[in-house]
Amino acid sequence: MKLDCITSNPNRMNGQPSIRNLRLTVRRVIELLATYPNREELHQEFPELEDEDIQQALIFASSYLGDRIIELPNRYEALTVEPSRIRIRRLAFLPDV
């Protein structure tokens, strides 16, 4: 699939991958998807964001995630993935099984 909605301009948003030269980065779109699980509400808040933009942002972001297997202990932990490193943040404990 051609990602023609994803643009990068060094003079806009510090060169971060953005949606159609808008001031809306791919990272922000992913954050918005987590914040607005209801797409209708998301479209109300960001009417310039189209379904094709969302799909391409997801494809673009997933292309940067390798197929890595990360062993986690028997506790509930959140995994934060950043471009240059992986951080694990403990949220709560579950009893060992």
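Structural data are supplied above this passage.
Each chain carries its own residue numbering, running from 1 in the direction its sequence is written. The predicted origin of the model limits local features to residues at a pLDDT of at least 70 and limits the giving and counting of side-chain atom pairs to 80 or more, whereas totals for whole chains, interfaces and linings rest on all residues. Hydrogen atoms and water are omitted, and side-chain values are computed over all heavy atoms in the structure.

Draft legend 1. Examining the overall build of the protein chain more closely. Helix numbers and strand numbers start at the N terminus; a helix is a DSSP run of H or I with at least 4 residues, a strand a run of E with at least 2. Across its full length, the protein chain carries 3 helices and 4 strands. Each helix (α) and strand (β) of the protein chain, taken in turn from the N terminus, gives the series β-β-α-α-α-β-β. The method behind every accessible area is Shrake-Rupley, applied with a 1.4 Å probe, and residues are considered shielded solely by the protein chains displayed. In the form shown here, the protein chain has an accessible surface area of approximately 7500 Å², with 50% of it arising from carbon and sulfur atoms.

Draft legend 2. Seen up close, the packing of aromatic side chains. When two rings of Phe, Tyr or Trp (its six-membered ring) have centres within 6.5 Å they constitute a pair, described as stacked for plane angles under 30 degrees, edge-to-face for angles over 60, and tilted for the intermediate range. Going through the model one piece at a time under the given rule, you end up with 1 aromatic pair. When the ring of Tyr-36 is compared with that of Phe-46, the centres are 6.5 Å apart and the planes differ by 80 degrees; the resulting orientation is edge-to-face. Placement of Tyr-36 in the loop between α1 (26-35) and α2 (39-45) and of Phe-46 in the loop between α2 and α3 (51-63) is noted, with a sequence separation of 10 residues between them. Across the pair, Phe-46 and Tyr-36 agree in class, each one buried. Residue exposure (1.4 Å probe, protein chains only): buried if accessible area is under 20% of the type maximum, exposed if over 50%, otherwise partly exposed.

Draft legend 3. Representation of the environment of Ile-19. With respect to the helices and strands, Ile-19 occurs in strand β2 (residues 18-19). Overall, the relative accessible area of 0% leaves Ile-19 in the buried class. For Ile-19 and Glu-50, which are 31 residues apart along the polypeptide, the C-alpha to C-alpha distance reads 9.7 Å. By definition, residues are in contact when any of their heavy atoms lie within 4.5 Å. Discounting residues that sit within four places of it in the chain, Ile-19 has contacts with Cys-5, Ile-6, Thr-7, Leu-24, Val-26, Val-29, Leu-49, Asp-53 and Ala-57.

Draft legend 4. Spotlight on the side chain of Thr-25. Summarising the element assignment, Thr-25 is placed in the loop between β2 and α1. Two N or O atoms form a polar contact when they lie within 3.5 Å of each other; inside protein one atom must be a possible hydrogen donor and the other a possible acceptor, and for residues adjacent in sequence the pair counts only when both atoms belong to side chains. Among the polar contacts made by the side chain of Thr-25, one reaches the main-chain amide nitrogen of Arg-28 at a distance of 3.1 Å.

Draft legend 5. Seen up close, α1. Turning to α1, its buried residues are Val-26, Val-29, Leu-32 and Leu-33. The arc that holds every buried residue of α1, seen down its axis, measures 115 degrees, which confines them to one face. Residues of α1 that are exposed and angled more than 90 degrees away from the buried face: Arg-27, Ala-34 and Thr-35. Packing partners of the buried residues in α1 comprise β1 (6-7), β2, α2 and α3. It is the directions from the helix axis to the C-beta atoms that the arc portrays.

Everything listed is a geometric property; what it means functionally is a separate question.
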